[in-house]
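# Chain and residue survey
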Amino acid sequence: MRLTVAQALVRFLSRQYTERDGRRTRLIAATWGIFGHGNVAGLGQALLETGRADMPFLQGRNEQAMVHAAVGYARQSGRLSTHAVTTSIGPGATNLVTGAALATINRIPVLLLPGDTFATRPADPVLQQLEARGAGDVSVNDTLRPVSRHFDRISRPEALVPAALEAMRVLTDPVQTGAVTLALPQDVQAEAHDWPEEFFAERVWGVRRPRPDRAELAAAADAVRASARPLVIAGGGIRHSGAGAALAAFAEATGIPVACTQAGKGALPHDHPADVGAIGHTGTAAADGLARRADLVIAAGTRLTDFTTASATLFQDPAVRFVGLNLDPYDAHKLAALPLVADAREGLDALRAAVAGHRADPAHTAAAREAKARWEQQVDRAYAAPDEDAAPTQAQVLGLLDSLVDDSDVLVNAAGSLPGDLHRLWRARSADQYHVEYGYSCMGYEIPAALGAALAAPDRPVWALVGDGTYLMNPTEIVTAVQEGVPIKVVILDNHGYASIGGLSQAVGAEGFGTAYRYRAGDGTYAGPPLPVDLAANAASLGMAVIRTRTIGDLRKALAEAREADRPTCVYAQTRTPDTVSGPPPAQAWWDVPVAETATRAAAVAAREEYDRQAAQRRRHL
C-alpha cells in the first residue's frame, strides 16, 4: 500500500486498541493539532485525507494546552485511551515540553508528534532550525527526550514500522507509560513508501494485571498480622487499576483505616467507614495522626512524594515498617519497604486472602473512625456560609459546590492553594470525581484538562476550578470548548495574586515578596491597589457565558445555573481572606522548603528557627 509516512502513521493509529478485563477501547481516540510549515503538508494533509470517521481532529490554541487536554482525556479514560498531539517545528514543538513532563510525572499516556527539521538537509539551516555545533543531528525536539518515556526520530520511512509499534507498547504499559514522542522530519512526513498491509491491521494491546510473587505476598501478610496500628495509603495506582472495590473489600475484611494521596483521593468514597481522608502536608488531622503512630504502612499504588511523607517527617513510630504494593518495582521498594510488586487490584485481593480471618485491633479501628468524625466537624465549620450577603471564602466556595454536586460531577484542579483545600476538605463521591493534578502541579492545566475530561465523559458535569493566577497562565482552550460545544464549567476565584505561594512566602520569611497582583507602592513593592484586570470580561470575550457573583447568595445560584448549562459557562467570584472561624484547618504536617540560613530581616530569622525545629524530625527509613 503506497502512502506517505504521515498517511501511514494516521492510518496505523486509527487501528490500535487496548483491552483490559475483556473491555476493548480505542487507544488513540483523536488527534489535536496546530499546523505550521513543519506539519501542515505532512500530518495536516494526512488527517484531512484520512477523515474524521477514522481519526477525529481537534483544533487547539496552545501546544502545551493540547497536551493537557490529552492528559485530561486519558486520565478520565483510565489510561486505556488517549489522544495524539501534533505541532510544527520550532516553538510549537518546544511548547510541548511542559505538558510532556506533566504526563510522564503523572504516568499518563499521551502521544506527541512534533514536526522536525529536514532529514535530507537540502538547505542548512532551515527556518527555526537549531544549529547545535558539534552535533548535527540535534534539533529542538531533543528537549523532549528527558520528559518522554520513549523518544524516537523517524528519519527514514522504513523506521516508522518498528517505531510506531514500540510507541504503542510503551503507551499501553502500565509501568512505563507517560509521554511518548515520535519526532517527524517534515520531508519524511511527505515521503511516499510501500507499506505492508499487515501494518494497518487492527491490533489489540493487552493491559496487564500482574499478580504478586508468592514469597513477597507471604512476607507482606506476615507484616500485616504482626502489626498493631496498620494504615493503608491509597495512591493513584488504585484509580488507574480500577481497584476501588478491592480496596474497600480489603479494608472491610481487616478493619485497617485508609488514607489517600492527591492522586488516590476517591479511591474510597468519603463516607466509607474505613476512609480517614487525605494524608501528608495537605492531609487531615485524622490521617496524619494515624500515620505518626502507625507501625505498618501499606503504600498501595503511590509514589510516596514529599507531600505524602511530609518530607520524611510523618512516620514517627521507631519500629514502623512499610509494604510497597506497586506495579513498578522502583516505587515498591521506596522507604525500604517489603515489596509487593503487582497490579493494585490483584495485589489487594491476594493480600486479603492471605490474611483471611485477621483483623486489626478494634480499638485502633474505632479510634480512626472517631478521628475522622472530628475532622468532618472541622470541614462543616469551614464550609458553613451563614451570611448570604457576604463575599465567600475559598473554602465556602467548595462548600457550596459540595452541597450541589452528586457522584456524576468531575472537579479538575492542579495548582495554587486550591489543591490543599480540596485535599483536606473535599468529600469525594466517586472514584473519578476528584481530578487534581499534583504530580507536576502545573498552573494552566485546569481548563484544557477539563475539556479533555469532558470529551471522555460527555454526559457528566465537569468543573475547572481556577485561581486568577492559573487563569492568566492558560485560558486559550476556552475557545476550543466554545468551538466544539463542550459545556465545561469554569469557576474563577479571584484573590488578586499568587495566594498559595504568597502564603508560603510569608511562612519562609520572604514576606510575600512579588506574589500580589497589585500596582507598585511608593516603596517599590507590589503593595498598591489591585490591578484592574477583568477576568470575567476576558472569559466572555473568548465566547463563554459568564455569571458574575459578589455574594454567597449570588454564587449559590450561579453554580446551580452553570451546572445545568449546555454551553461553556464561567462563574466568576471574588473571594475574601478567611478569618479564624471560616478558614480551612491549617496544615497538619510539614513540608520542606529551605529557608535562608543567614538573614537580617526578622521574618526570615524566625522562619529559619522554625525550619530547623521541623527538619530535626526528618528520618531515613532503612
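First, a word on scope: everything that follows refers to the structure included in this document. (Residues numbered from 1 in each chain as written. Predicted model: local features only at pLDDT ≥ 70, side-chain atom pairs only at ≥ 80, totals over all residues. Heavy atoms only, no water.)

### What to know about the pattern of salt bridges
Where charged atoms from two side chains of opposite charge approach closely, those side chains can pair. Cut-off, in case you're wondering: We define a salt bridge as a contact between a side-chain nitrogen of Lys or Arg and a carboxyl oxygen of Asp or Glu at a distance within 4 Å. Helix and strand assignments come from DSSP, with helices taken as H or I runs of at least 4 residues and strands as E runs of at least 2, each series counted from the N terminus. Burial classes: relative accessible area under 20% of the type maximum marks a residue as buried, over 50% as exposed, and values in between as partly exposed (1.4 Å probe, protein chains only).
What the rule picks out here adds up to 37 salt bridges. A salt bridge links Arg563 to Asp406, with the nearest nitrogen and oxygen atoms 3.3 Å apart. A residue pair is termed long-range when its members are at least 10 positions apart, and Arg563 in helix α23 (residues 552–564) and Asp406 in the loop between α16 (394–404) and β18 (410–413) qualify at 157 residues. What makes Asp406 partly exposed here is its relative accessible area of 35%. The salt bridge involving Glu610 is made with Arg613; its shortest N-O contact spans 2.8 Å. Here the residue Glu610 and the residue Arg613 both occupy positions in helix α24 (residues 602–615), the gap between them amounting to 3 residues, near one helical turn. Assessed through its relative accessible area of 48%, Arg613 is described here as partly exposed. Connected through shared salt-bridge partners, Asp21, Arg209, Arg211, Asp343, Arg345 and Glu346 make up one network.

### Considering a nonpolar patch on the surface
How we decide: Patches were defined on residues exceeding 30% relative accessible area and lacking a salt bridge, with like-charge contacts within 9 Å and nonpolar side-chain contacts (Val, Leu, Ile, Met, Phe, Trp, Tyr) within 5 Å. To be clear on the numbers: accessible area is Shrake-Rupley with a 1.4 Å probe, and residue cover counts the displayed protein chains and nothing else.
A cluster of nonpolar side chains, namely Leu472, Tyr519, Leu531 and Val533, defines an oily patch on the protein surface of about 340 Å² accessible area. One can find Leu531 in the loop between α21 (499–507) and α22 (535–541).

### So, the side chain of Ser88
Spelled out, the test is: Two residues form a contact once any of their heavy atoms are found within 4.5 Å.
Locating Ser88 in the fold gives a position in the loop between β6 (82–87) and α4 (91–94). For Ser88, a relative accessible area of 8% corresponds to the buried category. Discounting chain neighbours no more than four positions away, the residues touching Ser88 are Ile34, Gly36, His37, Gly38, Asn39, Ala93 and Gly115.

### Structural notes on the nonpolar core
Convention followed: What makes a nonpolar core is a set of buried Ala, Val, Leu, Ile, Met, Phe, Trp, Tyr and Cys residues whose side-chain atoms join them at distances within 4.5 Å.
Of all hydrophobic cores here, the largest spans 50 residues; its most connected members are Val85, Leu112 and Ile488. Ignoring sequence-local partners within four residues, the contact set of Ile488 consists of Ile447, Ala450, Leu451, Ala454, Val462, Ala481, Met544, Arg567, Pro568 and Thr569. Membership of the second largest hydrophobic core comes to 33 residues, among which are Met55, Leu160, Val170 and Leu171.

### With respect to the environment of Arg153
For the record, the criterion: In protein, a polar contact requires one atom able to donate a hydrogen and another able to accept it; more generally it is a pair of N or O atoms within 3.5 Å, and residues adjacent in sequence count only if both atoms are side-chain atoms.
Examined against the element boundaries, Arg153 turns out to sit in strand β8 (residues 150–153). Engagement of the side chain of Arg153 in a polar contact is seen with the side chain of Asp142, the distance being 2.8 Å.

### Comments concerning the packing of aromatic side chains
To keep it simple, the criterion reads: Here a pair means two rings of Phe, Tyr or Trp (six-membered ring of Trp) with centres within 6.5 Å. Their orientation is stacked below 30 degrees between planes, edge-to-face above 60, and tilted elsewhere. Over a ring means this: the NZ of a Lys or the CZ of an Arg is within 6 Å of the ring centre and within 35 degrees of the ring normal.
This structure, assessed with the given rule, holds 9 aromatic pairs. Consider the rings of Phe12 and Phe199, whose centres lie 4.6 Å apart with planes at 15 degrees: the pair is stacked. Of the two residues, Phe12 is situated in helix α1 (residues 5–13) and Phe199 in the loop between β10 (192–194) and β11 (203–206); the sequence distance between them amounts to 187 residues. Exposure remark for Phe12: the relative accessible area of 0% places this residue in the buried category. Judged by centre distance (5.9 Å) and plane angle (20 degrees), the ring pair of Trp195 and Phe199 falls under stacked. Of the two residues, Trp195 and Phe199, both sit in the buried class. Feature note: the residues Phe12, Trp195, Phe199 and Phe200 constitute an aromatic cluster, connected by ring pairs. The positively charged end of Arg11 is found above the aromatic ring belonging to Phe200, 5.7 Å away from the centroid. One residue, Lys265, lies across the ring of Tyr434, its end atom 5.6 Å from the ring centre.

### Concerning the environment of Thr254
Among the structural elements, Thr254 can be located in helix α10 (residues 244–254). A residue is classified by how much of its surface remains accessible, and Thr254, at 1% relative accessible area, is buried. Along the chain, Thr254 and Val147 lie 107 residues apart, while their C-alpha atoms are 40 Å from each other. When neighbours within four sequence positions are excluded, Thr254 is seen to be in contact with Val355, His358, Arg359 and Ala360. At 3.3 Å, the side chain of Thr254 forms a polar contact with the backbone nitrogen of Ile256.

Such coordinate-based values are descriptive only and should not be taken to indicate function.
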